[in-house]
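# Structure assessment
What follows is the residue order along each chain.
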Amino acid sequence: TVYVGTNKGLNKLDLAKINIGFIHFDTVKINGKPILSPVYELFNDDENVIWAGTSTGVERLQNGKSKSIGRRNGLCNTVIDAIIKDRDGNYWFGSFGGGLSKYSNNSFSSITEKDGIASNSVSALLRDSKDNIWIGTYSSGISKYDFNYCKAKDTMLFESIVQRKDGLVLIDSNRCVGCRFCMAACPYSSRVFNWEDPKIEPEIAAKEYSCETSVPQ
């Protein structure tokens, strides 16, 4: 079955019923009622569950059954533009204006600009080969969630700006994504971007990276 999200709802195509020269899409229904809300995102997980981000929340489709998920269930907002599943099986939902929702252990938690993401209007989510989650926004650049670091530290960090124990504020090279929005925001014009590959002595590059020692940078 192929699912197609449009501005007029969610449709599906049964590939087994395709006739030569004729293709017919059916409108997906929930409890007999068609899904007519605009669909902005479709995500098919490893358990063959279809998650549809719509203008009214999320629709979960599996084995011919469906479930509607909205703000009453703890979702951060109704307009959902991005959906992803992380390494531990948690689901992340990016919304327009409400930030992120993380679904874990049968409950939702909200993540907003106050927690460090670049914007509450999330347009895209990507899980990379190292299990990091990249969060694209509509007008404020990209945030990176370092999955392994944050899990080990039991924290939720999205920013690359850190303050060392000695009070020095700097950019963490491991978390910087090169968007340069910090340069635009800095009132002192003290931040610069290195367009060239850094030249680091081999004996320095071999050392474990740490913001506290600035080695290597």
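Scoring rules and cut-offs
- Residues numbered from 1 in each chain as written.
- Predicted model: local features only at pLDDT ≥ 70, side-chain atom pairs only at ≥ 80, totals over all residues.
- Heavy atoms only, no water.
- Helix = DSSP H or I, 4+ residues; strand = E, 2+ residues; numbered from the N terminus.
- Contact = heavy atoms within 4.5 Å.
- Areas by Shrake-Rupley, 256 points an atom, 1.4 Å probe, with all protein chains shown as cover.
- Pairing = 2+ DSSP bridges.
- Axes fitted to C-alpha atoms, helices over the stretch in contact; angles between N-to-C directions.
- Core = buried A, V, L, I, M, F, W, Y, C linked by side-chain atoms within 4.5 Å.
- Buried < 20%, exposed > 50% of the residue type's maximum accessible area, 1.4 Å probe, protein only.
- pLDDT = per-residue confidence, 0-100.
- Patch = residues over 30% accessible without salt bridge, like charges linked within 9 Å, V, L, I, M, F, W, Y side chains within 5 Å.
- Salt bridge = Lys/Arg side-chain N within 4 Å of Asp/Glu carboxyl O.
- Phe/Tyr/Trp six-rings, centres within 6.5 Å; stacked < 30°, edge-to-face > 60°.

### Describing the overall build of the protein chain
The helix and strand inventory of the protein chain stands at 3 helices and 18 strands. Here the contacts in the protein chain between residues at least 6 apart in sequence split such that 36% fall between residues at least 24 apart. When the accessible area of the protein chain is evaluated, it comes to approximately 13400 Å², of which 49% is carbon and sulfur surface.

### Comments concerning the sheet that holds strand S16 (residues 142–145)
The antiparallel open sheet is built from 3 strands, whose spatial order is S14-S15-S16. Every interior strand has two partners, whereas the edge strands, strand S14 (122–127) and S16, have only one. Across the sheet, the mean angle separating the axes of adjacent strands is 20 degrees when strand polarity is ignored. Sheet topology places S14 next to strand S15 (residues 133–137); 5 bridges connect them, and they run antiparallel. Within the sheet, the bridge partner assigned to Ala124 lies in S15 and is Gly136.

### Overview of unusual backbone geometry
For Asn48, which is not glycine, the phi torsion reads 60 degrees and is therefore positive. The backbone of Asp131 shows a phi angle near 75 degrees, a positive value even though the residue is not glycine. For Asp131, the position within the fold is in the loop between S14 and S15.

### Focus on the nonpolar core
Counting residues in each nonpolar core, the largest one holds 22 residues, and the members touching the most others are Trp51, Val58, Trp92, Phe93, Leu100, Leu125 and Ile135. Only strand S10 (80–85), strand S11 (91–95), strand S13 (107–111), S14 and S15 provide two or more residues apiece to this core. The leading source of residues in this core is S10, at 4 residues. Judged by nonpolar contacts, the second largest core, of 8 residues, contains Leu10, Ile35, Val39 and Ala52.

### Notes on the confidence of the model for the protein chain
Of all residues in the protein chain, 82% attain a pLDDT of 70 or more, and the chain-wide mean is 80. Confidence scores differ between elements of the protein chain, with helix H1 (residues 147–153) showing the lowest mean pLDDT of 53 and S11 the highest of 95. Below pLDDT 50 for its whole length, residues 152–156 participates in 7 contacts with residues either more than four positions away or in separate chains.

### Let's talk about a nonpolar patch on the surface
A cluster of nonpolar side chains, namely Val2, Leu15, Ile18, Ile23 and Phe25, defines an oily patch on the protein surface of about 420 Å² accessible area. Of note, Ile18 is situated in the loop between strand S2 (9–13) and strand S3 (26–27).

### A word on the sheet that holds strand S7 (residues 50–54)
The strand order across the open sheet formed by 4 strands is S6-S7-S8-S9, and the pairing between neighbours is antiparallel. Only two strands of the sheet have a single neighbouring strand rather than two, namely strand S6 (39–44) and strand S9 (65–69). Between one strand and the next, the sheet's axes are offset by a mean angle of 20 degrees, whatever the strand orientation. In the sheet, S7 pairs with strand S8 (residues 57–62) via 5 bridges, with the strands oriented antiparallel. Across the sheet, the residue bridging to Thr54 is Gly57, located in S8.

### Describing the environment of Arg191
By secondary structure assignment, the location of Arg191 is in the loop between helix H2 (181–185) and helix H3 (202–205). As a C-alpha pair, Arg191 and Ile171 span 20 residues in sequence and 9.2 Å in three-dimensional space.

### Some words on the packing of aromatic side chains
All chains considered together, the criterion is met by 6 aromatic pairs. Their ring planes at 55 degrees and their centres at 6.0 Å tell us that Phe93 and Phe108 sit as a pair that is tilted. Here Phe108 lies in strand S13 and Phe93 lies in strand S11, a separation of 15 residues in the sequence. With respect to class, Phe93 is no different from Phe108; both count as buried.

### Topic: the pattern of salt bridges
Under the counting rule described, the total for this entry stands at 5 salt bridges. A salt bridge links Lys85 to Glu47, with the nearest nitrogen and oxygen atoms 3.9 Å apart. Here the residue Lys85 occupies a position in strand S10, and Glu47 occupies one in the loop between S6 and S7, the gap between them amounting to 38 residues. Lys85 gets classed as buried once you look at its relative accessible area, which sits at 12%.

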